[in-house]
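Examining the three-dimensional arrangement
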Amino acid sequence: MSAPSFDVPRLVIAAPSSGSGKTTVATGLMAAFSERGLAVSPHKAGPDYIDPGYHALATGRPGRNLDSFMCGPELIAPLFAHGAAGCDLAVVEGVMGLYDGAAGRGELASTAQVAKLLRAPVVLVVDASSQSRSVAALVHGFASFDPQVRLGGVILNKVGSDRHEAMLREALEEAGMPVLGVLRRAPQVAAPSRHLGLVPVAERRADAVSSVAALAEQVRAGCDLDALMALARTAPALTGEAWAPERALTGTRGSAPNRGPHTPDGLDPRAARSGRRPVVAVAGGAAFTFSYAEHAELLRAAGAEVVTFDPLRDEALPEGTTGLVIGGGFPEVYAPELSANEPLRKAVAAFAAAGGPVAAECAGLLYLGRSLDGKPMCGVLDADARMSERLTLGYREAVAVSDSVLAAAGTRLRGHEFHRTVIEPGAGAAPAWGFTHPERRVEGFVEHGVHASYLHTHWAAQPSVALRFAEAAAAHR
């Protein structure tokens, strides 16, 4: 019997470095092709949460991440196939420069690695604002650095004039590299940014809709969409099964737990389906925008009913809540509003005090603390948080220090930190994680049913996390 295969036209949008215009081009392409009536599947290489929000706005489909550090290279094609099922085209926005990845790990977690795993042609977005003929040397270097990366063409960004464009085209023609698009300087379509990148869609939805429409118009006017689609169609079929949350949970049945950073820990998914469905409340709204689509899919597959609530507006947890997930976002921006919603803060504290399972990442950790920049928070944790000048950023390898609602002690996984806050803990709680790379330290809190940490994780790499949490929610009454 032959292995299943998956065939969808696809492009990877990359660049020589950050700031070249990948998000502008990728989002504009997604929107422009969607306007043509195509079902476009949006993807983002790396751990970024913000760009996928713009991708979702452009396509009407969930933006999905492809992170080969957190999920392992073996899951990239299956996760891609899961997200792109039934679509006419998939567009993958890269991360940083084309060949940049996890520090000291070669190509791991780079856009180039993702492109190779997907066997997808790459379109290089070049900021041409300060060069002319040198663009050919730059592009030649990127095209020849790794022969397994297929560079199919270039989109020139921030081109100043017709004469500038002519010089760039002439240079790239000499190099034998197709020019698939030329975008002029257009600062009016740029999305606003702040200390951790672009402002999320949820915080500026009306303006974001206008920005995405402007990007689509700019790309439509400056890019050869037919040539880009023809290039996407040159991607060969991928073999292997698409990732599916039900099958991922079934795969958690097994023998010894803790078999590696991408191996589930042997829990039985049928346990989470016993009795009535547990209600897992997931924080959303403008303050809590960081979430991977696969987390909710895994919780549903484990038997949970997933209900979203907004801590800025809702004064109570969803009816029947037996589990609480508070992901990442920007609570520091909304600290006064979060603090002012005292009824919900008290409801969260009461739920945790009653032993309810709570999983909190980064922004969720800050919200559970006693205070954030002097504003009262939920007081679940004996800790105070504040903004700092230092950016904490990077991949982490971690091992669970304490048994919790997410993982048994000793469970290994990989994650990512990204914050400009510091937290000053009090006494009482056990640490959540012990980091083993790139530095050794303990981090986070485990206390009763609460697991709170700065570490962002991708549950598709460790489906037992979702199953364990769903079981804890099912057991809590």
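The structure displayed is predicted, hence computed values, not measured ones. (Residues numbered from 1 in each chain as written. Predicted model: local features only at pLDDT ≥ 70, side-chain atom pairs only at ≥ 80, totals over all residues. Heavy atoms only, no water.)

So, about the nonpolar core. Core analysis: the biggest nonpolar cluster contains 77 residues, and Phe-80, Leu-98, Leu-118, Leu-124, Val-139, Leu-156 and Leu-299 have the highest contact counts within it. If we ignore the near neighbours within four places in the chain, the residues touching Leu-156 are Val-126, Ala-128, Val-135, Leu-168, Leu-172, Val-179, Gly-181, Val-182 and Leu-183. Within the second largest apolar cluster, 41 residues are counted, among which are Leu-11, Ala-32, Leu-180 and Leu-225. (Core = buried A, V, L, I, M, F, W, Y, C linked by side-chain atoms within 4.5 Å. Buried < 20%, exposed > 50% of the residue type's maximum accessible area, 1.4 Å probe, protein only. Contact = heavy atoms within 4.5 Å.)

Further remarks concern the side chain of Asn-157. Here Asn-157 lies in strand β7 (residues 151-159). A relative accessible area of 5% means that Asn-157 is categorised as buried. Once residues lying within four places of it in the same chain are set aside, the contact partners of Asn-157 are Ser-20, Gly-21, Val-125, Val-126, Asp-127, Ala-128, Ser-129 and Leu-183. (Helix = DSSP H or I, 4+ residues; strand = E, 2+ residues; numbered from the N terminus.)

With parallel pairing, 7 strands are arranged side by side in an open sheet as β4-β3-β5-β2-β6-β7-β8. Edge strands, defined here as strands with exactly one partner in the open sheet, are β4 (64-66) and β8 (179-184). Looking at each pair of strands side by side, their axes are set apart by 25 degrees on average, direction ignored. Sheet analysis places strand β3 (residues 40-45) next to strand β5 (residues 89-93), joined by 5 bridges and oriented parallel. Of the residues in β5, the one forming a bridge with Val-40 is Leu-89. (Pairing = 2+ DSSP bridges. Axes fitted to C-alpha atoms, helices over the stretch in contact; angles between N-to-C directions.)

Let us now look at the state of the cysteines. Across all of its chains, the model carries 0 disulfides by this definition. Cysteine Cys-362 is unpaired, with the sulfur of Cys-378 as its nearest cysteine sulfur at 15 Å. You can call Cys-362 buried: its relative accessible area is 5%. In this structure Cys-378 comes out as buried when scored by relative accessible area, which is 8%. (Disulfide = S-S within 2.5 Å.)

Two elements in contact, helix α1 (residues 22-35) and helix α2 (residues 51-59), have axes whose closest approach is 8 Å; the angle formed by their N-to-C orientations is 20 degrees. In terms of axis orientation, α1 runs roughly parallel to α2. Considering how the two elements wind past one another, α1 and α2 form a crossing that is right-handed. Across from Thr-23, Thr-27, Met-30, Ala-31 and Ser-34 in α1, the residues of α2 making contact are Asp-51, Tyr-54, His-55, Ala-58 and Thr-59. For the contact of α1 with α2, the residue count by class is 4 nonpolar, 5 polar and 1 charged. (Parallel < 35°, antiparallel > 145°, perpendicular 65-115°, else oblique. Left-handed = near helix turned anticlockwise from the far one by under 90°. Nonpolar A, V, L, I, M, F, W, Y, C, P; charged D, E, K, R; others polar.)

Turning to the packing of aromatic side chains, a few remarks are in order. Enumeration according to the criterion identifies 8 aromatic pairs in this entry. Plain terms: the ring middles of Phe-6 and Phe-80 are 6.3 Å apart, the flat faces sit at 90 degrees to each other, and that makes the pair edge-to-face. Here Phe-6, found in strand β1 (residues 5-6), pairs with Phe-80, found in helix α3 (residues 76-84); they are 74 residues apart in sequence, far enough to count as distant. Phe-80 shares its class with Phe-6; the two are buried. (Phe/Tyr/Trp six-rings, centres within 6.5 Å; stacked < 30°, edge-to-face > 60°.)

Moving on, we come to the confidence of the model for the chain. Close inspection of predicted coordinates is inappropriate in any region flagged by low pLDDT. Per-residue pLDDT for the chain averages 91, and the proportion of residues at 70 or more is 90%. Contacts from residues 253-273, a stretch scored under 50 in pLDDT, to residues over four places away or in other chains number 62 contacts. (pLDDT = per-residue confidence, 0-100.)

Going from His-437 to Pro-438, the amide bond is cis rather than trans, its omega being 5 degrees. Among the structural elements, Pro-438 can be located in the loop between β20 (433-437) and β21 (441-443). Unlike most non-glycine residues, Arg-119 shows phi in positive territory, near 55 degrees. With respect to the helices and strands, the residue Arg-119 is situated in the loop between α4 (111-118) and β6 (122-127). Of the residues examined, Arg-119 reaches a relative accessible area of 47% and is grouped as partly exposed. Of note, the phi angle at His-448 is positive, near 55 degrees, even though the residue is not glycine. Tracing the chain through its elements places His-448 in the loop between β22 (445-447) and β23 (450-453). Owing to a relative accessible area of 71%, His-448 belongs among the exposed residues under this scheme.

What follows deals with the environment of Ala-221. You can see Ala-221 is positioned in helix α7 (residues 205-222). Under the relative-accessibility criterion, Ala-221 is labelled exposed at 72%. Expressed as a C-alpha distance, the spacing of Ala-221 and Leu-183, which sit 38 residues apart in the sequence, is 8.4 Å.

Here the focus is the pattern of salt bridges. For the coordinates displayed, the defined rule picks out 24 salt bridges. The partner of Asp-127 in a salt bridge is Lys-158, and the shortest N-O contact between them spans 3.7 Å. Taken together, the positions of Asp-127 in strand β6 and Lys-158 in strand β7 put the pair 31 residues apart, joining distant regions of the chain. Using a relative accessible area of 31% as the deciding quantity, one classes Lys-158 as partly exposed. Here Arg-414 ties to Glu-397 by a salt bridge, and the two come within 3.6 Å at their closest N and O atoms. Remark: Glu-397 occurs in strand β18 (residues 383-400) and Arg-414 occurs in strand β19 (residues 412-425); sequence separation between them is 17 residues. Salt bridges linked by common partners bring Asp-162, Glu-165, Arg-169 and Arg-184 together as one network. (Salt bridge = Lys/Arg side-chain N within 4 Å of Asp/Glu carboxyl O.)

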